[in-house]
Amino acid sequence: MARMIEELEDETGAVIKYKRHVNGRGLVSPSARVAESAYIEPTAYVEADARVGMEAYVGAGSWIDKGATVGDRTFVGANVHIGAGCIVGSGVKIGSGAKLGENAMVGNGARIERDTQVAAGSVIELKGAAAARAALTTPLRSPRPQQRDLRAARTPRTPRRAA
């Protein structure tokens, strides 16, 4: 089945092209990158240059604006607007009716309650017990092995003489 391009007219009269996402049939701009495992409700929009991660869910009537990023396994409720340039981490839950202003940043695992308005440029990060759990589940990097100075460890050898 070939992907069909749908043309919609915005309030200014400009024609915008969208394609239907494989999983959920939501409207996605051809320049957006949406994982196939993401579910986009049929009445949701993903605008140009936006990115939606693996196993993310975008609810009915929601709008992911230009250049926004939604992380893996993130839940976006119904009628949510994620502003242009926003970065939403992985495992985030955004309640229905929430509005995120332009360039807002939401950390991994954070929760945004329904009908919340997040100001443009705000940063929301985990605090308290949730942050501790997130830190404990992240794999630790092994320390870099110490390098020995092999030149100092070597002792000069004297050549053996034939008798």
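Look a little higher up for the structure.
Rules and cut-offs
Residues numbered from 1 in each chain as written. Predicted model: local features only at pLDDT ≥ 70, side-chain atom pairs only at ≥ 80, totals over all residues. Heavy atoms only, no water. Pairing = 2+ DSSP bridges. Helix = DSSP H or I, 4+ residues; strand = E, 2+ residues; numbered from the N terminus. Patch = residues over 30% accessible without salt bridge, like charges linked within 9 Å, V, L, I, M, F, W, Y side chains within 5 Å. Areas by Shrake-Rupley, 256 points an atom, 1.4 Å probe, with all protein chains shown as cover. Salt bridge = Lys/Arg side-chain N within 4 Å of Asp/Glu carboxyl O. Buried < 20%, exposed > 50% of the residue type's maximum accessible area, 1.4 Å probe, protein only. Contact = heavy atoms within 4.5 Å.

Attention now moves to the sheet that holds strand E19 (residues 123-124). Judged by pairing direction, the sheet is parallel, and its six strands sit side by side in the order E4-E7-E10-E13-E16-E19 without closing on themselves. The open sheet has two edge strands with one neighbour each: strand E4 (33-34) and E19. Summarising the sheet, strand E7 (residues 51-52) and strand E10 (residues 69-70) pair through two bridges and their orientation is parallel. Opposite Val52, over in E10, you have Val70 as the bridge partner.

Together, Ile87, Met105 and Val123 give the surface a local cluster of nonpolar side chains, amounting to about 270 Å² of exposed area. By secondary structure assignment, the location of Met105 is in strand E16 (residues 105-106). Taking the relative accessible area as the measure of exposure, Met105 reaches 40% and is therefore partly exposed.

Before going further, it helps to examine the pairing of strand E2 (residues 15-20). The sheet contact formed by strand E1 (residues 5-9) and E2 spans five bridges and is antiparallel. Within E2, the residue paired with Glu9 across the bridge is Val15. Between E1 and the antiparallel strand that follows it, E2, lie five residues; Gly13 among them carries a positive phi value of about 95 degrees. The pairing of E2 with strand E3 (residues 27-28) spans two bridges and is classified as antiparallel. Looking at the pairing, Lys19 lines up with Val28 of E3. With antiparallel pairing between neighbouring strands as the criterion, E2 and E3 make up a hairpin whose turn holds six residues, including Gly24 at a positive phi of roughly 110 degrees.

Turning our attention to unusual backbone geometry. Trans is the common state for peptide bonds, and a negative phi is the common state for residues other than glycine. Residues other than glycine seldom take positive phi values, yet Asn79 does so here, at roughly 55 degrees. In this fold, Asn79 is placed in the loop between strand E11 (75-76) and strand E12 (81-82). Overall, Asn79 belongs to the partly exposed group, its relative accessible area being 48%. Positioned with a positive phi, Asn103 is a non-glycine residue whose angle comes to about 60 degrees. By the secondary structure assignment, Asn103 is in the loop between strand E15 (99-100) and E16.

Below, the discussion takes up the side chain of Thr74. Its location among the elements puts Thr74 in the loop between E10 and E11. If we ignore the near neighbours within four places in the chain, the residues touching Thr74 are Glu55, Ala56, Tyr57, Val88, Gly89, Ser90, Gly91 and Val92.

In this section: the environment of Asn79. Separated by 18 residues in the primary sequence, Asn79 and Gly61 have C-alpha atoms spaced 4.6 Å apart. If sequence neighbours within four positions are ignored, Asn79 has contacts with Ala60, Gly61, Ser62, Gly97, Ala98 and Lys99.

These figures come from the coordinates and say nothing about function on their own.
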